[in-house]
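Each chain is listed here by its residues.
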Amino acid sequence: MVVTRSAVFLAALFVSGFAQAINEAKVTPSAPSLPKVLIIGDSISIGYTDAVRLRLEHEADVQRIPSNGQSTDFGLENIDAWLGDQNWDVIHFNWGIWDTHIIEGKRIRNTTKVYDVNLRKLVERLKATGATLVWASTTPVTFDLFENGLGVEKKNIPIYNNAAKSVMDKFRIPIDDLYSRVLPRLLELQTRDGVHFTPAGSEFLAGSVAESIRQALAVRKEARVDAIANPTQPHTPSLATQVTLEQLKGAAQITLPSLETYTLVVLELAPARRGAG
């Protein structure tokens, strides 16, 4: 079913970066003693960042890029500036809905092929930071939106999520599956625009995001402890780490390709990061 809305609504939705974008420039003070976490995403992440920050208040210094992350094209143009010279411990990231935008009523902003290529480039850049990465799947769109030559089709969201999953599996990056988590509760948690979320919806998403970050920090800490304790020995995850990973695999909010492949990620974390103190 195609539902049209006013030009004012679509302008807010696609041009200005969604109604929640008014909060994008918000800067929070840094907490030097805590692990550094960066959130990258569109207006959905703008909605849940403050709640994530509150949930991890004593566990991590949670920051977010200073703008709407928009599409993978925009990400490639701005990623170096967003990363800066900070030594990030965890980066929780998403691009998706902006890539599916239909321009001039017929042309999709980025085909799945272009999306795949762009996403691989972005992941390679993010991995170069030495941070532990967590991918967030794109949240659902309830109905098709078209107005003044601009739109989005709900069927494209799972298609692009599947494309992103292929990239994450290749790079052995865990997935915070926000799409699957919130899908059964859309009527309760999504706003009437069919894209954004109510305060309760953002809180719900924040729970999944915070837990995925918490688990990433725990695995990272375990790898660091092993590396410090045995600097000249090949590092294999301890029983405690393996138990944690098994629990991760069973958690509803995060998907791992396999215990074995995620173990490889743990091993990659052992060397000290460039410039890390």
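Above this text sits the structure in question.
Novice: Help me out: how do you make sense of unusual backbone geometry in this one?
Specialist: Trans peptide bonds make up most of the peptide bonds, and negative phi angles are found at most residues other than glycine. You will see that Gln 70, though not glycine, has its phi angle at about 50°, which is positive. Within the secondary structure, Gln 70 is located in the loop between β3 (61-64) and α3 (72-83). Although it is not a glycine, Arg 172 adopts a positive phi angle of roughly 55°. On the basis of relative accessible area, Arg 172 is assigned to the partly exposed category, the value being 31%.

Novice: Which parts of the structure should I look at to understand the packing of aromatic side chains?
Specialist: For any pair of aromatic rings, the description rests on two quantities: the centre-to-centre distance and the angle between the ring planes. Counted under the stated rule, the structure contains four aromatic pairs. Ring-pair connections join several aromatic residues into one group, and the members of that group are Phe 93, Trp 95 and Trp 135. Lys 170 extends its terminal NZ or CZ atom over the ring of Phe 171, reaching a point 6.0 Å from the ring centre.

Novice: Looking at this structure, I do not really get helix α4 (residues 112-127). What am I missing?
Specialist: Counting along an α-helix, one turn takes 3.6 residues, and residues three or four places apart therefore face a common direction. With 16 residues, α4 ought to run about 22 Å at 1.5 Å a step, and its terminal C-alpha atoms sit 22 Å apart, in line with that. Every buried residue of α4 is accounted for by Tyr 115, Asp 116, Asn 118, Leu 119, Leu 122, Val 123 and Leu 126. Next to the buried residues of α4 lie β2 (36-40), α3, β4 (90-93), β7 (132-136) and α5 (156-171).

Novice: Honestly, the pairing of β2 in this entry has me stumped. Any pointers?
Specialist: In the case of a regular strand, side chains alternate between the two sheet surfaces. Across the five residues of β2, five count as buried, placing the element largely inside the fold. Residues Lys 36, Leu 38 and Ile 40 point to one face of β2 and Val 37 and Ile 39 to the other, with burial holding for every one of them. As paired strands, β2 and β3 are joined by four bridges and run parallel to one another. Considered in β3, the bridge of Leu 38 is made with Gln 63.

Novice: I tried to follow the pattern of salt bridges on my own but got confused; where do I start?
Specialist: Here the idea is simple: oppositely charged side chains can pair when their charged atoms come close. Within the structure shown, the criterion is met by 11 salt bridges. Between Arg 125 and Asp 80 there is a salt bridge, with the nearest N and O atoms lying 2.6 Å from each other. Of this pair, Arg 125 sits in helix α4 while Asp 80 is found in helix α3, placing the two residues 45 residues apart along the sequence. The class for Arg 125 is partly exposed, based on a relative accessible area of 29%.

Novice: What am I meant to see in the nonpolar core here?
Specialist: Nonpolar side chains in soluble globular proteins generally cluster together in the buried interior. If you look at the biggest cluster of nonpolar residues, it comprises 26 residues, and the most contacted ones within it are Ile 40, Ile 91, Phe 93, Trp 95, Leu 126, Trp 135 and Met 168. Looking at this core, the element that brings in the most residues is α5, giving six residues. Setting aside chain neighbours within four positions, we find Trp 135 in contact with Phe 93, Asn 94, Trp 95, Tyr 115, Leu 119, Ala 164, Met 168, Ile 173, Pro 174, Ile 175 and Asp 176. In terms of nonpolar packing, the next biggest core, distinct from the first, is built from 25 residues, Ile 44, Val 52, Val 62 and Ile 213 among them.

Criteria and cut-off values
- Residues numbered from 1 in each chain as written.
- Predicted model: local features only at pLDDT ≥ 70, side-chain atom pairs only at ≥ 80, totals over all residues.
- Heavy atoms only, no water.
- Helix = DSSP H or I, 4+ residues; strand = E, 2+ residues; numbered from the N terminus.
- Buried < 20%, exposed > 50% of the residue type's maximum accessible area, 1.4 Å probe, protein only.
- Phe/Tyr/Trp six-rings, centres within 6.5 Å; stacked < 30°, edge-to-face > 60°.
- Lys NZ or Arg CZ within 6 Å of the ring centre and 35° of its normal.
- Expected span 1.5 Å × (residues − 1).
- Contact = heavy atoms within 4.5 Å.
- Pairing = 2+ DSSP bridges.
- Salt bridge = Lys/Arg side-chain N within 4 Å of Asp/Glu carboxyl O.
- Core = buried A, V, L, I, M, F, W, Y, C linked by side-chain atoms within 4.5 Å.

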